[in-house]
Structures are given as structure tokens and as C-alpha cells.
Amino acid sequence: MRSSLCFHTGLETGAVMVPPVRYCIPGERLCNLEEGSPGSGTYTRHGYIFSSLAGCLTKRSENGALPVVSVMRETESQLLPDVGAIVTCKVSSINSRFAKVHILYVGSTPLKNSFRGTIRKEDVRATEKDKVEIYKSFRPGDIVLAKVISLGDAQSNYLLTTAENELGVVVAHSESGVQMVPISWCEMQCPKTHTKEFRKVARVQPEFLQT
Amino acid sequence: MPGDHRRIRGPEESQPPQLYATDEDEAPASRDPTRLRPVYARAGLLSQAKGSAYLEAGGTKVLCAVSGPRQAEGSERGIGPAGAGGEAPAALRGRLVCEFRRAPFSGRRRRAPPGGGEERELALALQEALEPAVRLGRYPRGQLEYGVEMYDLVVGCGLSLMPEPSPTWLLDPTRLEEERAAAGLTVALMPVLNQVAGLLGSGEGSQTESWAEAVRLGLEGCQRLYPVLQQCLVRAARRRGAAAPP
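Residues numbered from 1 in each chain as written. Chains lettered and ligands numbered in written order. Predicted model: local features only at pLDDT ≥ 70, side-chain atom pairs only at ≥ 80, totals over all residues. Heavy atoms only, no water.

(A) Quick look at the overall build of chain A. Scanning chain A from N- to C-terminus turns up zero helices and 17 strands. Out of the 211 residues belonging to chain A, those deemed buried represent 37%. When contacts within chain A are restricted to residue pairs at least 6 apart in sequence, those whose partners lie at least 24 apart make up 52%. Split by element, the accessible area of chain A, about 11400 Å² in all, is 52% carbon and sulfur. (Helix = DSSP H or I, 4+ residues; strand = E, 2+ residues; numbered from the N terminus. Buried < 20%, exposed > 50% of the residue type's maximum accessible area, 1.4 Å probe, protein only. Contact = heavy atoms within 4.5 Å. Areas by Shrake-Rupley, 256 points an atom, 1.4 Å probe, with all protein chains shown as cover.)

Listed below in C-alpha cells is the structure:
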């Protein structure tokens, strides 16, 4: 039985987007503070909102509140990992206390620059947090689904957690270089050598299982 | 070399190339002191750089590229608000590094790439002029995903003081005019904020009023150049928007 894994998280939108109005340059006066509230890519001065980037102007009108005026360089939505976002990362190094990862995808959108993240020992599992061994949960090169718990300080390391059933290792390679198959929430098996290795495995959602 | 049949022999006698070069006009033609040369500006030319711009005015061609961020030296921990909108304290702000280079084939004489003090001085002047416009406080971590945020554009203009027949300040001088000038001035303006971002002058001017007049003339020139740069950036943004997948 082969199970194939694919991960997908829905894109959550909570606001209604008005189609882009026009292109603007840094320093261009956009509108009054009474007509809109400043969003990303803008700054306020003397009661007016000015553009801070060369891009297209968008007015996002939340229901009831003032429209949020923002300038975006490319016509794609913001790609910064936010608190609570599910991210896909690759483990770069491990330690007895934490694992360092490169964040590659936010939801289903790939990032142009990869960010750095940390998964602390106590954030690996929800139960028996102190008995966790990082060496038995992640290895360098594993692809992990995690959730952002904090944006971190100026060292730009996002704090991530895998303390949920659906979070954890999704792709891992065994010591012989073959991609392993998950057999339980804490073990994966190499199909070639049949050796089992310990990982904190993400539960596969039933719709993504092919039997 | 005697008996060397592999190489093509050049002529026995050789002359310096200047003999065959056309004589340039020694004296620059008289012109309206406030004329600005038509400018061709285009942004987004270099795909390798995060941002780039190319500008041509008369015979001068300038290419500029923005890249980064580079790793900051040392890890400074500070208490500062993280996330969008917050400005980091001074210790955690990003740094702007400017480099100015002249190609060896620019100008009348060949210049070897380490151009000495002049290039460094101009790079520093450029950095000082751009710093007030760039929101460095937004980048304590140096992440430049969406482009560098600025308060305003910085428009620069050059002037030269011609000593004869009567001391006049010429806006946007050509190389010939600059060579014959008694003094030079470069002024940088942020048009929307209406603030002078940079001022660099040298030489023997006449009186103080003349310098003030020159600065005023330079600022006027900057204001006239602003719409050209505005259009160039809007066109580049439009091209980017059209090229990006929907």
C-alpha cells in the first residue's frame, strides 16, 4: 500500500478587495486620513497618507471601518508568515534543544526569500513535552509542516510549533537516501532497507490518501 | 621579428590616434543658462538586481542597481517593536551603502577602475542625499521582500559657474562646460516634502548671493526633472504589473 502525501491549506481572506485603482510612486499623496486608514507601503504625515513604494494602489474596504489604503509592489498578496499561519519548512540543523528550519512556503504560496524559523523542544509535541528528543523528531533535510506562534525578535527567527496532529514531518529521507513511508505518529519506515526511524510525523488528512 | 610568419605585420611607422581624431569644439556654445538636457530614464532594466535604473542626459549615461540585503556585521540585540508599522531604534536600523564607479572609457582620458578619492567622495555624497528619503528604520532585519520603502524621491541637479564673459551659473552642464567652470554645485531635492536632501559644492564662486541664486536655480531644475522620473517609475510599475502572473 502506498500512500501519497500532499499538503494544502486554504487561503483565508477576511476582507473584500476593490480592484486596483492606479500606480503610484514614493512620496505621492494618496488621500486624507479621514478617507482611509494607512496600510502597508504607506506613511502618514500632516493628516495625509503618502505612498512609500512604487506600485499599485489598493483600497481594501473592511465592512464598516474605513478602507485600508495600501501600496503593493507586485500585484500579489502579502507573503509574510503571520502568527497562526501554517508554513512548510525544511530542517537545516538540529540541536538537543531546538531545530532550525528554513521556511519555504506560507500556505500554498512559495516565498521568494526563505525565512529562518526555530522549533523549540517544548513545541514539538502537545503531550509529554519534557520527554521529547529532537533527534527522534526531526533530522536535517526533513520537510515539516508547522504553525507560526511568534514573529520573533530582531534576529528574524520565527518561532514555530508542531504540537498538533496535523503538524510535523511530511517528507523524510532515510539514512540510505530513500524517501520513507510513515507508519505511525512517531515512526517512519524506509521501503528499501525496512529500517524504522523516529520522527514526529504529521497525520495525513484522509482526503490526501491514495490506496 | 625576423622569420616570424605566423603574425600579421603592422606598418613600419605608427602615428598617435589623436592625429586622426576630429577636433572637438574648444569653446562650448552659448546657451540658455536654465536649459535642461532632455533625459531618457528607464527603470527595471537589470533582472539580476532587486531594482535598477538607467538614465541618459546628453552624452552622459548612468546605470544604477540596488541589491541587498547583506548580513549586518555583528548581531545587535535591542528592544524594539517588531512587525509592520513599527520603526526600530537607531541601533537596529538598516544601513545604506552606496558605491560610485566610472567606467574606464568614460570621459576624455582613460581612468583606471580604482578612481581614488573622487569616487569615494561622490559615493558618500550620494549616500548622504539618499539617506533622509529611505525608511531604514523599517528594516532592522534587512528583509527586502517588497522593495525599499521611501518617504519621497530624491531628484538631483548639477550646476557650473562660468567665469567669463560674466559669471553665470549654468544648469545641467556638459562635460566641456564643467571643465571650464570656476565652481560647481550639485543639489538634491525631495520634491513632495520640499526638503533639500544633499548639497555639494566646490570651487571659487563670486559672492554668497550668487551661491544662493545657484541653489535656487538648482532646486528649480530638480522640480522640472521630477515629472520625468515620476513617469519613468509609473511605467516601470505598470510593466511589472503586466508581467506578473495574475
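Resuming the write-up.
(B) Region of the structure containing the overall build of chain B. Scanning chain B from N- to C-terminus turns up three helices and seven strands. Along chain B, helices (α) and strands (β) appear in the sequence β-β-β-α-β-β-α-β-β-α when read from the amino end. Taken across its 246 residues, chain B has 28% of its residues classed as buried. Here chain B displays about 16500 Å² of accessible surface, and carbon together with sulfur accounts for 55% of that area.

(C) Region of the structure containing the packing of aromatic side chains. For the coordinates displayed, the defined rule picks out five aromatic pairs over all chains. When the centroid spacing of 4.9 Å and the interplanar angle of 90° are considered together, the rings of Tyr43(A) and Tyr151(B) count as edge-to-face. Taken together, the residues Tyr43(A) in strand β5 (residues 42-45) and Tyr151(B) in the loop between α1 (117-130) and β4 (155-162) connect one chain to another. Grouping aromatic residues by their ring pairs yields a cluster made of Tyr43(A), Phe50(A) and Tyr151(B). The side chain of Arg29(A) reaches across the aromatic face of Tyr48(A), ending 4.4 Å from its centre. A cation over a ring is seen here: Lys136(A) above Phe198(A), with NZ or CZ 5.2 Å from the ring centre. (Phe/Tyr/Trp six-rings, centres within 6.5 Å; stacked < 30°, edge-to-face > 60°. Lys NZ or Arg CZ within 6 Å of the ring centre and 35° of its normal.)

(D) Looking closely at the nonpolar core. Residues and elements named next belong to chain A. Val87, Cys89, Ile103, Ile119, Phe138, Val144 and Leu160 are the most contacted members of the largest nonpolar core, which has 26 residues in total. If you list the elements that add at least two residues to this core, you get β9 (86-94), β10 (98-106), β11 (109-120), β12 (143-150) and β13 (157-161). Here the element with the most residues in this core is β10; it accounts for four residues. Setting aside residues no more than four positions away along its own chain, Cys89 makes contact with Val101, His102, Ile103, Leu104, Asp142, Ile143, Val144, Ala146 and Leu160. (Core = buried A, V, L, I, M, F, W, Y, C linked by side-chain atoms within 4.5 Å.)

(E) Structural view of α1(B). Taking 1.5 Å per residue as the helical rise, α1(B) with its 14 residues ought to reach 20 Å, and the 20 Å between its terminal C-alpha atoms agrees with that figure. Where α1(B) is buried, its residues meet β6 (183-190) and β7 (195-203) of chain B. (Expected span 1.5 Å × (residues − 1).)

(F) Local environment of the environment of Ala57(B). Residue and element names in this part refer to chain B. Following the sequence through the fold, Ala57 ends up in strand β2 (residues 51-57). Using a relative accessible area of 9% as the deciding quantity, one classes Ala57 as buried. The sequence separation of Ala57 and Tyr40 amounts to 17 residues, and the corresponding C-alpha distance is 6.6 Å. Setting aside chain neighbours within four positions, we find Ala57 in contact with Arg37, Pro38 and Val39.

(G) Spotlight on the sheet that holds strand β3 (residues 29-32) of chain A. Residue and element names in this part refer to chain A. Pairing in this open sheet of three strands is antiparallel, and the strands run β3-β6-β5 from one edge to the other. Two strands lie at the open edges of the sheet, namely β3 and β5, each paired on one side alone. Adjacent strand axes in the sheet meet at a mean angle of 30°, parallel and antiparallel pairs treated alike. Note: β5 against strand β6 (residues 48-51), four bridges, orientation antiparallel. The partner of Thr44 across the bridge, within β6, is Ile49. (Pairing = 2+ DSSP bridges. Axes fitted to C-alpha atoms, helices over the stretch in contact; angles between N-to-C directions.)

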